[in-house]
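Examination of the molecular architecture
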Amino acid sequence: FQIVRYSGEQVRNPLRQRRRRVLSNLAPFTRGSALALAVVIWHTADPGSATALAHRLSEELEEGDALILRDVSDGAELDPVVAHHSTIEHVGGSGGEADTVLVVAADIAPEPSLVSGMRRGAKEFDAWTGVLLDPPGGAVAAAGFDLAFTGRTSPSRSGLSIERLPETVFLSAAVPGELFAVRRQTIDELGALGAATTPAGVALDLSLRLRASGARAGVMPGARGRLPNWQPREAGIEDRFPSVVRSYPGPILAVTGPALALTGPAEITRGLLAGDGREAIGSYKAGLLAAREAASERSTLGALRALDAATFSDGLGSAGPGMSLPTRALAGAWWGATSSVMRARRARHRRQAARS
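To start, this report covers the structure provided alongside it. (Residues numbered from 1 in each chain as written. Predicted model: local features only at pLDDT ≥ 70, side-chain atom pairs only at ≥ 80, totals over all residues. Heavy atoms only, no water.)

1. Some remarks on the pairing of strand β12 (residues 217–226)
Consecutive residues of a regular strand have side chains that alternate between opposite faces of the sheet. We count it as follows: Exposure is judged per residue with a 1.4 Å probe applied to protein chains only, and the accessible area is read against the type maximum: over 50% gives exposed, under 20% gives buried, and values in between give partly exposed. To qualify as a helix, a DSSP run of H or I must reach at least 4 residues; to qualify as a strand, a run of E must reach at least 2; elements of each kind are numbered from the N terminus. Strands were regarded as paired on the criterion that DSSP finds at least two bridges between them.
Most of β12 sits inside the fold, with seven of its ten residues counted as buried. Bridge count for strand β5 (residues 109–110) against β12 is two bridges, and the pairing is antiparallel. Directly across from alanine 109, in β12, lies its bridge partner arginine 226. Relative to β12, strand β6 (residues 127–133) is paired through six bridges, and the arrangement is parallel. Bridge pairing in β12 links alanine 127 to alanine 217. Relative to β12, strand β10 (residues 170–172) runs antiparallel, the two being bridged by three bridges. The partner of phenylalanine 170 across the bridge, within β12, is valine 219.

Rendered as structure tokens:
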């Protein structure tokens, strides 16, 4: 890999260095401790935009940070120490020693203090995201994600004015692939995250593993970036199917399976109407193959599934983006009945435990 050092970083201000050392020593005693980051910038065969973003973020980098440009044209990986298709743009420390991995899409337009806002992760979160704004920057495109039982995600607080956005951190069911951070310790505990076809797929797989293990994701309102489009990208079938199969508890997977089986034909029909039928069929086949391979990983990930089915299902919705009214009604009825049964089972088990 290629190493490029910024000329502005070669001669540092001694007072600035001293201030950073003092803040580093005080960090463990503060509620939102400053973290050493390995900043990974996703891009798809467009290193120019990634390099431009690297220059914009370089002013917020600390001594222990590493900034890595990652080409994800052939699939996305989260581990920042892998040098494949990567360029190290800033070397202030080793990516393998960073406390946190911060992922930013190359086409994000960062608001001031994006990195510093993401650096101070709240202690109650194992992964977190910032606020994604619409292209003009006046409204929220996504402040975290809502999660449907089929693995589909939809932006939370979409369209909300930034003046009405809460100032304190809050929970999120899932994180978007355009902007998220995860603690290195969490990656070690959850196991190596497999490569996905898109960054959104990596983020979805991480979100489902967090949910299965009882860990939590959140939103840092002070970290903001503008999207090039009006909404974040969603993981496709080829990434959703294996992530759901790997992470869902058995009872929920049993009732989700038929819904997933119907998702494919619906996506293919939508693709045919849009003129992308061949691509939709290819994605469906790839999703089925990946799900079959992921089924063999369920036993190795069994220790991660610390939540019972009812607790896992709490907060999961039934509707995904772009659903027709009949599909939305059918999914709502199916998931409503299923979640009611799950909650009834949980209440019965708790009563039995109390009596014993």
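Don't stop here, the text continues.
2. So, unusual backbone geometry
For alanine 45, which is not a glycine, the phi torsion comes out positive at approximately 55°. By relative accessible area, alanine 45 is classed as exposed at 58%. Located in the positive-phi region is arginine 157, a residue other than glycine, with phi close to 60°. For arginine 157, a relative accessible area of 35% puts it in the partly exposed group.

3. What about the pattern of salt bridges?
Condition: Only one rule defines a salt bridge in this text: a Lys or Arg side-chain nitrogen within 4 Å of an Asp or Glu carboxyl oxygen.
Applying the stated criterion across every chain yields a total of nine salt bridges. Between glutamate 297 and arginine 246 there is a salt bridge, with the nearest N and O atoms lying 3.7 Å from each other. Taken together, the positions of glutamate 297 in the loop between α9 (277–295) and α10 (309–313) and arginine 246 in helix α7 (residues 237–247) put the pair 51 residues apart, joining distant regions of the chain. Relative accessible area serves as the criterion here: at 12%, arginine 246 is assigned to the buried category.

4. Here we look at α9
Test applied: What a helix is expected to span follows from its residue count: subtract one and scale by 1.5 Å. The directions considered for the arc are those from the helix axis to the C-beta atoms. Only heavy atoms matter for contacts: two residues are in contact if any of them lie within 4.5 Å across the pair.
In this model α9 runs 27 Å from its N-terminal to its C-terminal C-alpha over 19 residues, within 8% of the 27 Å that 1.5 Å per residue would give. Taken residue by residue, α9 has Gly277, Ala280, Ser283, Tyr284, Gly287, Ala290, Ala291 and Ala294 as its buried positions. All buried residues of α9 project into a common sector of 150° when viewed along the axis, lining one side. Turned more than 90 degrees away from the buried face of α9 sit Arg278, Lys285 and Arg292, all of them exposed. The elements touched by buried residues of α9 are α7 and α8 (250–274).

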